[in-house]
Amino acid sequence: MERSSCLRIPAGKEKAQAWEQVSRSISGNKVGISSPRVLQIAAGLVFLCLSITAAWQLIGQKPVLSHQQAVETAKGVSQQVSLPDGSLVTLGPASSLSWNAQTWEQNRQLSLQGEAFFEVQEGSRFTVLTQQGIVTVYGTSFNVNSRRAQLEVHCYTGKVGVSSTNAAQEYFLLPGQGLSMQQDQYQPFEFNTQNQLWREGSYHFDEKSLSEVFEEISLQTGYEIKGVYPAEKSFTGAFRSGD
């Protein structure tokens, strides 16, 4: 803007006319806001504001937490697992167990692949999901073996319900009773509850094929058994680890 001393007012003009001339002179000397430099500064300020807003929103977001818990064992290795309600699981070799810790109090449900022995605290329904079927209890100890498209359940204490994933019928087991299931075919049996089987390093086979016997030995001990043997041959007997 030019200095006011550069404005010349003709002599004899009224004050109102003089002020009008001064105002027109000031208006004619304003700097335009459309210059490239001003636009660059404005664009930078807008970008800065947007960046700060986006960063603030990211900071305010809560991280997504996974409440799914999982335990997996290798061949020849077993592991004891404590569940949120105090129930205990002895997870057998080459097996996996998973459950949701967040919803456990409302829904005591877990998934099993392989073999595990359960000692369940009394409370609401306790459900074990396998690929072959579903095992349901309320407070008991039992063993579940889910391998080779076959489900085998031993009830040691309390009461156990067993059903396939495709059928609505449920079979109930009392202490000393077991159930073998394959392709919706059920085979009940009885056993001695004093025999803890694999938990004590003891393994029993009843008319099992040699391939099944050698596979189970490999899973339980971690040693691979290689050789040529007739597939149609079956085996009935028992062995203990360390023999």
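From a predicted model like this one, the values you see are computed outputs, not experimental measurements.

1. Quick word on the overall build of the protein chain
In step 1: A tally of regular secondary structure across the protein chain gives three helices and 15 strands.
In step 2: The proportion of buried residues among the 243 residues of the protein chain is 32%.
In step 3: Within the protein chain, residue pairs in contact and separated by at least 24 positions form 41% of the contacts whose partners lie at least 6 positions apart.
In step 4: With the model as given, the accessible surface of the protein chain reaches about 16,000 Å², and the carbon-plus-sulfur share is 53%.

2. A closer look at the packing of aromatic side chains
In step 1: In this structure the tally under the stated criterion is six aromatic pairs.
In step 2: On the basis of an interplanar angle of 70 degrees and a centroid distance of 6.1 Å, the ring pair of Phe118 and Phe126 is categorised as edge-to-face. Accessibility classification places Phe118 together with Phe126 in one group, the buried group.
In step 3: Relative to Tyr186, the ring of Tyr171 lies with its centre 4.1 Å away and its plane at 35 degrees, an arrangement referred to as tilted. Remark: Tyr186 occurs in strand β13 (residues 185-190) and Tyr171 occurs in strand β11 (residues 171-173); sequence separation between them is 15 residues.
In step 4: Grouped by ring-pair contacts, the aromatic residues Trp104, Phe118, Phe126 and Phe142 constitute a single cluster.
In step 5: We note Lys159 situated over the ring of Phe172; from NZ or CZ to the ring centre the distance is 4.7 Å.

3. Overview of the pattern of salt bridges
In step 1: All chains considered together, the criterion is met by one salt bridge.
In step 2: Residues Arg108 and Asp85 are paired through a salt bridge, measuring 2.5 Å at the closest nitrogen-oxygen approach. Taken as a pair, Arg108 in strand β5 (residues 108-119) and Asp85 in the loop between β2 (79-82) and β3 (88-91) lie far apart in primary sequence, 23 residues in all.

4. Section: the pairing of strand β4 (residues 96-100)
Successive residues of a regular strand alternate their side chains across the two faces of the sheet.
In step 1: The element β4 is extensively covered by neighbouring structure, given that four of its five residues are classed as buried.
In step 2: Examined bridge by bridge, strand β1 (residues 68-72) and β4 share five bridges and lie antiparallel to one another. Looking across to β4, one finds that Gln68 is bridged to Asn100.

5. A short note on the side chain of Gln132
In step 1: Looking at the element boundaries, Gln132 is found in the loop between β6 (126-129) and β7 (133-137).
In step 2: Engagement of the side chain of Gln132 in a polar contact is seen with the side chain of Ser146, the distance being 2.3 Å.
In step 3: Apart from residues lying up to four places away in sequence, Gln132 is in contact with Ser146, Ala149, Gln150, Leu151, Ser164, Thr165 and Met181.

6. Remarks on the side chain of Ser95
In step 1: Looking at the secondary structure, you find Ser95 in the loop between β3 and β4.
In step 2: Within the local environment of Ser95, its side chain forms a polar contact with the backbone oxygen of Pro93, the two atoms lying 3.0 Å apart.
In step 3: Looking at Ser95, its side chain comes within polar contact range of the main-chain nitrogen of Glu115, at 2.9 Å.
In step 4: Sequence-distant contacts of Ser95, that is, excluding residues within four places in its chain, are made with Val71, Glu72, Thr73, Gln113, Gly114, Glu115 and Arg147.

7. A short note on unusual backbone geometry
In step 1: Despite not being glycine, Ala94 has its phi angle at roughly 50 degrees, a positive value.
In step 2: Residue position: Ala94 is located in the loop between β3 and β4.
In step 3: A relative accessible area of 26% means that Ala94 is categorised as partly exposed.

8. Considerations on the confidence of the model for the protein chain
In step 1: Mean pLDDT for the protein chain: 78, with 66% of residues reaching 70 or above.
In step 2: When the elements of the protein chain are averaged for pLDDT, helix α1 (residues 15-28) gives the smallest value, 56, and β4 the largest, 97.
In step 3: Contacts for the low-pLDDT stretch residues 1-7, under 50 throughout, to residues beyond four places or in other chains number five contacts.

9. Side note on the nonpolar core
Soluble globular proteins: nonpolar side chains tend toward being buried together.
In step 1: In terms of nonpolar packing, the biggest core is built from 28 residues, with Leu110, Phe118, Phe126, Phe142 and Val160 touching the most fellow members.
In step 2: Residue contributions to this core peak at four residues, all from β5.
In step 3: For Val160, the contacting residues outside a window of four places in its chain are Val135, Thr136, Val137, Thr140, Phe142, Val153, Cys155, Tyr171, Phe172 and Leu173.

Conventions used here
- Residues numbered from 1 in each chain as written.
- Predicted model: local features only at pLDDT ≥ 70, side-chain atom pairs only at ≥ 80, totals over all residues.
- Heavy atoms only, no water.
- Helix = DSSP H or I, 4+ residues; strand = E, 2+ residues; numbered from the N terminus.
- Buried < 20%, exposed > 50% of the residue type's maximum accessible area, 1.4 Å probe, protein only.
- Contact = heavy atoms within 4.5 Å.
- Areas by Shrake-Rupley, 256 points an atom, 1.4 Å probe, with all protein chains shown as cover.
- Phe/Tyr/Trp six-rings, centres within 6.5 Å; stacked < 30°, edge-to-face > 60°.
- Lys NZ or Arg CZ within 6 Å of the ring centre and 35° of its normal.
- Salt bridge = Lys/Arg side-chain N within 4 Å of Asp/Glu carboxyl O.
- Pairing = 2+ DSSP bridges.
- Polar contact = N/O pair within 3.5 Å; in protein donor to acceptor, adjacent residues only side chain to side chain.
- pLDDT = per-residue confidence, 0-100.
- Core = buried A, V, L, I, M, F, W, Y, C linked by side-chain atoms within 4.5 Å.

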